[in-house]
Amino acid sequence: MNALEGLKVLELGQLIAGPFAGKTLAEFGADVIKVEPAGVGDPLRKWRLLRDGTSVWWEVQSRNKRSVCLDLRSAEGQEAVRALAREADVLIENFKPGTLEGWGLGWEQLHALNPRLIMLRISGYGQTGPYRDKPGFGVLGESMGGLRYLSGEPGRVPVRVGVSLGDTLAALHGVIGVLTALHHRTAHGGEGQFIDVALYESVFNVMESLLPEYDAFGAVRERAGSALPGIAPTNAYRCSDGHYVLVAGNGDSIFRRLMRAIDRADLENDAGLVHNDGRVLRVEEIDAAIEAWTLQRSRDEVLGVLDAAGVPVGRIYTVADIATDPQYLAREMIVQARGSDGALLKVPGVVPKLSATPGRIAHAAPLLGEHTADLQGAGWPVRTTDSEATV
C-alpha cells in the first residue's frame, strides 16, 4: 500500500507551485484529480521544450495525476467543483487571492460543504496583508524573500537561479502544511483547515541567519560568488584543465586534513586557524593556498587526492553528468518512464525515499480530460457534459 492511498486531492492550480505540491502527494499514492480548462489545459503543457507538441516538463510535473476539463468561470463548472470538494480530502489552488471567492468557491463556502476539507492556498504574497492583491510569480518571491540579492558575483547584477526555486519551495512548504493538517484532523479529531503559503515567505524561511545578523550587527549580507560568507574555507577552485572543483573544508578537523593533503603544514598547525572564526579573518589567504595547489592538477587528480583524504569535494555537474552518474543511478534517481505519447523518457525519481511505503511513478501524465469517464465509476461525482470530456 502507498502511504497516501485513499487520499483524494482536487488540484485547481496551474503552472508550477500548486501542481508541484499535487505531484508530490500523487507520488505517494494520493488520487490527484487535476482540473484544467478545456481545449488548452494547463499552460505548462506548452512550456520549454516540446515533444510531439507536449512539454517534457509536463510529463514530470503531472505524472500519476488524472485530468478532467472544467470551466471554473461558468456556473456549471463551479457547481462541479462544489460536488468534487464534498468528496475531497484536500484541495490545492494557486490563484491570485480572491479569485476563488469571486467564483463562490472560497474557503468559507467549501468548508461549509465539507468541514473535513483541507485547502492549500499558494500565492505570491499570501491571503492577507497590503500586497495580497498583487500578482506574484516565483522570481518575485525569490527577490522579496532575499535570495536574489545574494545570487551572483560581487559588484555584478544579481542573477536568478536557473530553475523556479521560489515556486518549488512554496510547494514543499504547502505539502508540509497539508500533512500537518491531515495529522491534526486524524489524531485530534479536528476539522479541516486552510493553509496559507506565500512564495516570498517560503524563500525567506530558508535564508538562515540573514535577518538576525542584520538585527544584531546591522550587517547586510552581499553577493559572494561561489564562496559562503562567514564559513571558511568553502569555495570553487580552478584546476589546471580549466574545470572547477568545489571544496568544503570548513569543519575544524576537515580543515586540518585539507591542509595536510595540499602540503600546507604551516596552515594546518597555525593556532589562529583552529576554528572557523579565525579562518574567516584569513579566508583570502586560505583560498589562495588551496587554488595554488588545484591549479597544478587536473580536476580528476584533485578529486582523487581530496576524496582519499576525507575532504568534502565535488565537481560541478551538468545534466549530462547527472544522467550517467553512478550515485544517481544506484538510488533510482534517473528512471525511464512512458510519457503520455507512449515513448520512453528519462525523468527524475521520487523524493524522499521511504523504507516501507516508497513513492512511485504509477502512470504517465494525463492527456487533457483523459480520466473523466474513469472518475464516474470511482467515487467522484463526475458527469460528462460534452465531447471534450468536461465535468
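None of the values given here were measured: they were computed from a predicted structure. (Residues numbered from 1 in each chain as written. Predicted model: local features only at pLDDT ≥ 70, side-chain atom pairs only at ≥ 80, totals over all residues. Heavy atoms only, no water.)

Undergrad: So what exactly am I meant to see when it comes to the confidence of the model for the chain here?
TA: When the pLDDT values of the chain are averaged, the result is 94; 96% of them are 70 or greater. Considering only residues more than four positions removed or in separate chains, one finds that residues 384–391, a stretch of pLDDT under 50, has 22 contacts. (pLDDT = per-residue confidence, 0-100. Contact = heavy atoms within 4.5 Å.)

Undergrad: I keep staring at the sheet that holds strand E9 (residues 234–238) and nothing clicks. Help me out?
TA: Whether parallel or antiparallel, the strands of a sheet pair through hydrogen bonds between backbone atoms. Reading across from one edge, E9-E10-E11 is the order of the three strands in this open sheet, with antiparallel pairing throughout. Each of the sheet's edge strands pairs with one partner strand only, and the pair in question is E9 and strand E11 (313–315). This sheet shows a mean twist of 25° between the axes of neighbouring strands, independent of strand direction. (Pairing = 2+ DSSP bridges. Helix = DSSP H or I, 4+ residues; strand = E, 2+ residues; numbered from the N terminus. Axes fitted to C-alpha atoms, helices over the stretch in contact; angles between N-to-C directions.)

Undergrad: What is the right way to look at the side chain of Glu11 in this model?
TA: Relative to the assigned elements, Glu11 resides in strand E1 (residues 8–11). Note on Glu11: relative accessible area 0%, which makes it buried. Of note is the side chain of Glu11, whose polar atom sits 2.6 Å from the side chain of Lys34. Aside from chain neighbours lying at most four places away, what touches Glu11 is Gly18, Pro19, Gly22, Val32, Ile33, Lys34, Val35, Lys65 and Ile92. (Buried < 20%, exposed > 50% of the residue type's maximum accessible area, 1.4 Å probe, protein only. Polar contact = N/O pair within 3.5 Å; in protein donor to acceptor, adjacent residues only side chain to side chain.)

Undergrad: What is the right way to look at the sheet that holds strand E6 (residues 90–93) in this model?
TA: Across the sheet, six strands lie side by side as E5-E2-E1-E6-E7-E8; this open sheet has parallel pairing. Among the strands making up the open sheet, the edge pair consists of strand E5 (66–69) and strand E8 (194–198). The sheet shows a mean angle of 20° between the axes of neighbouring strands, taken without regard to direction. Inspection of the sheet shows E6 paired to strand E7 (residues 118–123) by four bridges, in the parallel sense. Counterpart to Ile92 in the pairing with E7 is Leu120.

Undergrad: Please explain the packing of helix H11 (residues 252–261) against helix H14 (residues 283–294) as it appears in this structure.
TA: The geometry of a pair of packed helices is captured by two quantities: the angle between their axes and the separation between those axes. Between H11 and H14, whose axes approach to 10 Å, the crossing angle comes to 45°. Relative to H14, the element H11 lies oblique. For the pair H11 and H14, the sense of crossing is left-handed. Contacts between H11 and H14 involve Phe255, Leu258, Met259 and Ala261 from the former and Ile286, Ile290 and Trp293 from the latter. (Parallel < 35°, antiparallel > 145°, perpendicular 65-115°, else oblique. Left-handed = near helix turned anticlockwise from the far one by under 90°.)

Undergrad: Mind showing me how you'd approach the environment of Val9 here?
TA: In this fold, Val9 is placed in strand E1. For the pair Val9 and Met207, spaced 198 residues apart in sequence, the C-alpha separation works out to 31 Å.

Undergrad: In this structure, what is going on with the pairing of E1? I would like to understand it.
TA: In the case of a regular strand, side chains alternate between the two sheet surfaces. Note that E1 and strand E2 (residues 31–36) share four bridges and pair parallel. From the neighbouring strand, Lys8 faces E2, where its bridge partner is Asp31. This β-α-β element, E1 to helix H1 (residues 17–27) to E2, shows right-handed connectivity. Here E1 runs beside E6; their pairing, made up of three bridges, is parallel. (Right-handed = clockwise from strand over helix to strand, strands pointing away.)

Undergrad: Any chance you could explain the packing of aromatic side chains here in plain terms?
TA: What describes a pair of aromatic rings is the distance from one ring centre to the other and the angle between the planes of the rings. Applying the stated rule across the entire model yields five aromatic pairs. With a centroid separation of 6.1 Å and an interplanar angle of 55°, the aromatic rings of Trp47 and Trp57 are classed as tilted. Of the two residues, Trp47 sits in the loop between E2 and strand E3 (50–51) while Trp57 sits in helix H2 (residues 56–61), which places them 10 residues apart along the sequence. Here Trp57 falls in the partly exposed class, since its relative accessible area comes to 26%. Between Tyr125 and Tyr131 the ring centres are 5.7 Å apart and the planes differ by 85°, which places this aromatic pair in the edge-to-face class. Note on Tyr131: relative accessible area 41%, which makes it partly exposed. One aromatic cluster in this structure is built from Tyr125, Tyr131 and Tyr200. Across from the ring centre of Phe20, 4.8 Å away, lies the NZ or CZ of Lys23, which sits over that ring. In this arrangement the basic side chain of Arg223 is found over the ring face of Tyr149, its NZ or CZ atom lying 5.0 Å from the centre. (Phe/Tyr/Trp six-rings, centres within 6.5 Å; stacked < 30°, edge-to-face > 60°. Lys NZ or Arg CZ within 6 Å of the ring centre and 35° of its normal.)

Undergrad: Is there a simple way to explain the pairing of strand E13 (residues 344–348) in this structure?
TA: Two elements, strand E12 (residues 334–338) and E13, share five bridges in a ladder whose sense is antiparallel. Bridging across to E13, Arg338 finds its partner in Leu344. Between E12 and the antiparallel strand that follows it, E13, lie five residues; Gly342 among them carries a positive phi value of about 90°.

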